[in-house]
Amino acid sequence: MRRLSLTGRVKLGLLVAAIGFGVAAPYIFSSFIVGLLSLALIAGLFAMSIDLLAGYAGLVTLGQAGISAVASYGVGYMANKVGAGVPAQILVAITAGLVASAVFAAMAMRTDGVYFIMITLAQGMIVWGLSIRLYQITGAENGLTGIERPSFISEYWQYYYFVMAVVLICSFLLFIAVRSPFGASTKGIRESESRMRMLGYNPALQKFYVFMISGFFASIAGILFVYLNEFISPSAAYISASAIGVLEAILGGIGTLIGPMIGAFIIVYIQNIVSTNLERWPTLMGLIFIVVVLFARKGIVGAISAGWQRWLDSRESRSGGPVEDLDDLPDDLAFESSEPR
Amino acid sequence: MAEAVTEEISREAIIRAEQRRRRLLFTVTGLLVFALLVWWILGKMSLKSFWLQALNGLSFGAVLFFLASGFTLIFGLMRITNLAHGGFYLVGGYMGFSVMSWTGNFALALFAAALGITVVGLFTERVLLRPIRGLEKPEVLLTIGLTFVLGDLSLAVWGGDPTPVPVPGFLQGPLRIGDFVYPRYRLFVLACAVVVAVVLFYIERRTRLGAIVRAGVDDRETVAALGINIKAVFTGVFMFGAFLAGFAGVIGGGFLTLLPGQDFEILLFGLVVVILGGLGSLPGAVLGAVLVGLIDSFAKALVPELSFFTLFAPMALILVLRPQGLLGKEE
């Protein structure tokens, strides 16, 4: 096996430490905190699914909450209105999420940039609007109750471990996806659509596939979310939910997988702990949004990577050895396609 | 050499003829679908309620036109997608409500609120957007963040109850002409929209300012090279778009009432208008607003539980068949 570089060893160490902390958390913290950790993990998976589009394909979506809400409603409808078992609930939820993704992807795949943002925003809001009006299916503003976790994960800490396992598996799958040739051609779409077309790729089709993969993981996040709360209401599809996911991805570092997870932990912390005494959470969120977009578009991972690279450079220049380069630096949100419009 | 040129010219002519043919086909199909829909609707309701719904749709479309024309103008010239337009609408409406409550003067309320939002627009363009000029995605995301701040602050100031903007006495109640009965205020809104549309078209097509803006849409660098202060034009257009949004808020608040969350709801309608009509096109904003207004009104009357889906379906159709919108320019 190839010996890991210093950066690789540090990353591996941090990952092991994070997982160790995650496993130990229920023994240390109260049920409230463990519940928040579950929420943060789910939010992180959701933000990763956004980042797959925003960071890797260069397509910022403001409608992702619509897709995960469709999946959540799939669970809620089967549990509350049909009375079906958990396997049927999950099957319907994933199918519904994928169908919604396919329809949305087909609508948006021929666009990019701000058009893509506008279209996805409208899509998410339409899911929200429908969930308010289709009382027979969604229970409108009252939402759907009567959703129960299966017995083997009914306790809060059991569910926490379950969420952690699912999120780890999903992260690993995403890790493979972005490292694969498929991931490389996805980045190619972001860099230059016309060059990819010249190379024989079909950009629209590529976008469709990425959208579907992203929608799949958003659906998983939606399912985990609905079993966490055992409740679903239209606000899950609202623009705020989508926008918070985008904020988490940018705050953590767009174009990386760990960035959105870090961003999600920070935002969940601020929303549930810092601002419990603060009535004006949307204002605070909006201000964080503005500040991050203006001053910190590379996010936390971007800042850390830059510092780490500087330290590596100075170390190498002292020892005179070969210079080690970071391979997966986060991308600037400001990145624009090099194509003339 | 000459042959190559001739060939090039004839090829271009063929492409243009093909485009014309496709446009004709598209228009004819569109009109046919429209006629079929009208026929179907007339089978479902009486002629009288048909006209009532049509006027309801057109007056809602009028408000959407105020909103979408500013949005599309800003986008066309500066390539800025101002998602805070819904926030401008809501805050403008609330400002109009306050001024109206204090003074009782509707015209004053209308212009004070619109000017207030113009100042907000000036701040947004000069302070918030200037540092990230030209970075499309950060610009959009910043305006989304701004909408959250505006929406939440207006909740703090004006509360969460549905708030209609009071309208002056001579606009209250129905207008009766023979058999025809219809709310005066909605007719007033329609008249306003016609006036604003005429003024906007006149400015865009016939004045020097309009010429500068149109030139700026096509080629910003050349306009700047001609000695025109394009930055000042940018700021002016952004402020004007904000003015229209504030205006729309007061006018719309008179019959749609103001509610927290309406910023994003009206933004959704505005987005569908520009996606249908074509981004950056003033005629597109008119066509889109009329279509969305009518669709919304008839859908609410005929299939109330699907009223959001009826917005979604035409949008999906247009995006697949004609991604640049009905009257948008091909890129």
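About the thresholds
Residues numbered from 1 in each chain as written. Chains lettered and ligands numbered in written order. Predicted model: local features only at pLDDT ≥ 70, side-chain atom pairs only at ≥ 80, totals over all residues. Helix = DSSP H or I, 4+ residues; strand = E, 2+ residues; numbered from the N terminus. Rg over C-alpha atoms; globule rule 2.2 N^0.38 Å. Contact = placed C-beta atoms within 7 Å. Buried ≥ 20, exposed ≤ 12 C-beta atoms within 10 Å, placed from the backbone. Nonpolar A, V, L, I, M, F, W, Y, C, P; charged D, E, K, R; others polar. Core = buried A, V, L, I, M, F, W, Y, C linked by C-beta atoms within 7 Å. Axes fitted to C-alpha atoms, helices over the stretch in contact; angles between N-to-C directions. Parallel < 35°, antiparallel > 145°, perpendicular 65-115°, else oblique. Left-handed = near helix turned anticlockwise from the far one by under 90°. pLDDT = per-residue confidence, 0-100. Pairing = 2+ DSSP bridges. Arc of directions from axis to C-beta. Expected span 1.5 Å × (residues − 1).

What chain B contains, in helices and strands, is 12 helices and 2 strands. Order of helices (α) and strands (β) in chain B, N terminus to C terminus: α-α-α-α-α-β-β-α-α-α-α-α-α-α. Radius of gyration (C-alpha) of chain B: 21 Å, near the 20 Å computed for a compact globule of 331 residues. Oriented by its inertia axes, the alpha-carbon framework of chain B measures out at about 75 × 55 × 35 Å. When contacts within chain B are restricted to residue pairs at least 6 apart in sequence, long-range pairs at least 24 apart make up 74% of them.

Secondary structure summary: chain A contains 14 helices and 0 strands in total. Listed N to C, the secondary structure of chain A is α-α-α-α-α-α-α-α-α-α-α-α-α-α in terms of helices and strands. Taken over C-alpha atoms, the radius of gyration comes to 20 Å for chain A, in line with the 20 Å a tight globule of 341 residues would show. Oriented by its inertia axes, the alpha-carbon framework of chain A measures out at about 70 × 50 × 45 Å. Burial status across chain A gives 46% buried among its 341 residues. Sequence-distant contacts, at least 24 apart, represent 78% of the contacts inside chain A between residues at least 6 apart.

It is worth spelling out the interface of chain B and chain A at this point. Opposite the 36 residues of chain B that make contact, chain A presents 36 residues. Per-class residue counts for the side of chain B that touches chain A are 28 nonpolar, 4 polar and 4 charged.

This part takes up the nonpolar core. Burial of nonpolar side chains together is a common tendency in soluble globular proteins. Counting residues in each nonpolar core, the largest one holds 197 residues, and the members touching the most others are Ala122(A), Val272(B) and Ile275(B). If we skip the residues at most four places from it in the chain, Ala122(A) touches Leu268(B), Leu271(B), Val272(B), Ile275(B) and Met315(B).

Turning next to the packing of helix α3 (residues 64-82) of chain A against helix α4 (residues 86-108) of chain A. Residues and elements named next belong to chain A. One can describe the packing of α3 onto α4 by two numbers: an axis separation of 7 Å at closest approach and a directional angle of 150°. One element, α3, and the other, α4, form an angle in the roughly antiparallel class. Pair α3 / α4 crosses with right-handed handedness. Between α3 and α4, the contacting residues are Ile67, Val70, Ala71, Gly74, Val75, Met78 and Ala79 on the first element and Ala88, Gln89, Ile90, Val92, Ala93, Ile94, Ala96, Gly97, Ala100, Ser101 and Phe104 on the second. Along the lines of polarity and charge, the residues of the contact of α3 with α4 split into 14 nonpolar, 4 polar and no charged.

Residue and element names in this part refer to chain A. A positive phi angle, near 50°, is found at Ala140, a position not held by glycine. Here Ala140 shows up in the loop between α6 (135-138) and α7 (156-179). Notably, Glu230 is not glycine yet its phi reads approximately 55°, a positive angle. Locating Glu230 in the fold gives a position in the loop between α10 (203-229) and α11 (239-252).

The subject of this paragraph is the packing of α11(A) against helix α14 (residues 299-319) of chain A. In helix packing, the relevant descriptors are the interaxial angle and the interaxial distance, both defined with respect to the helix axes. All names here are of chain A. Across the interface, α11 lies against α14 with an axial gap of 3 Å and an inter-helix angle of 5°. Comparing their axes, α14 and α11 come out roughly parallel. For the pair α11 and α14, contact is made by Ile250, Leu251 and Gly252 and by Gly299, Ile300 and Val301, respectively. For the contact of α11 with α14, a count of residues per class yields 4 nonpolar, 2 polar and no charged.

Looking at chain A, pLDDT values average 88 and 93% of them are 70 or higher. Every residue in residues 335-341 of chain A scores below 50 in pLDDT, and together they form 10 contacts with partners more than four places removed in sequence or on other chains.

This part takes up the pairing of strand β2 (residues 180-183) of chain B. Side chains on a regular strand alternate between the two faces of the sheet. Relative to β2(B), strand β1 (residues 174-177) of chain B runs antiparallel, the two being bridged by 4 bridges. Paired with Leu175(B) across the bridge in β2(B) is Tyr182(B).

Our next topic: the environment of Glu139(B). Residues and elements named next belong to chain B. You can see Glu139 is positioned in helix α5 (residues 136-158). With 22 C-beta atoms packed within 10 Å, Glu139 lands in the buried category. For the pair formed by Glu139 and Arg79, sequence separation is 60 residues and the distance between their alpha carbons is 9.6 Å. Those residues within four positions of Glu139 in sequence are excluded, and the remaining contacts are Ile80, Thr81, Leu129 and Ile132.

What follows deals with helix α8 (residues 181-191) of chain A. Residue and element names in this part refer to chain A. For α8, the complete set of buried residues consists of Thr186, Ile189 and Arg190. An end-on view of α8 places all buried positions within 100° of arc, on one side of the element. Exposed side of α8, more than 90 degrees from the buried face: Pro181 and Ala184 are the residues found there. For α8, the secondary structure elements touched by its buried residues are α2 (31-56), α9 (193-198) and α10.

Further remarks concern helix α12 (residues 258-272) of chain A. Residue and element names in this part refer to chain A. Along its 15 residues, α12 runs 21 Å from first to last C-alpha, staying within 8% of the 21 Å computed at 1.5 Å per residue. Listed as buried for α12 are Ile258, Gly259, Pro260, Met261, Ile262, Gly263, Ala264, Ile267 and Val268. In this fold, the buried residues of α12 make contact with α2, α11 and α14.

Right, let's talk about the confidence of the model for chain B for a bit. Counting all residues, the mean pLDDT for chain B is 89, and 98% of those residues have values of 70 or more. In the predicted complex, the global pTM is 0.90; the interface-specific ipTM is 0.88.

With that out of the way, let us pick up the environment of Thr186(A). In this fold, Thr186(A) is placed in helix α8. Residues Thr186(A) and Leu52(A), spaced 134 residues apart in sequence, show a C-alpha to C-alpha distance of 9.2 Å.

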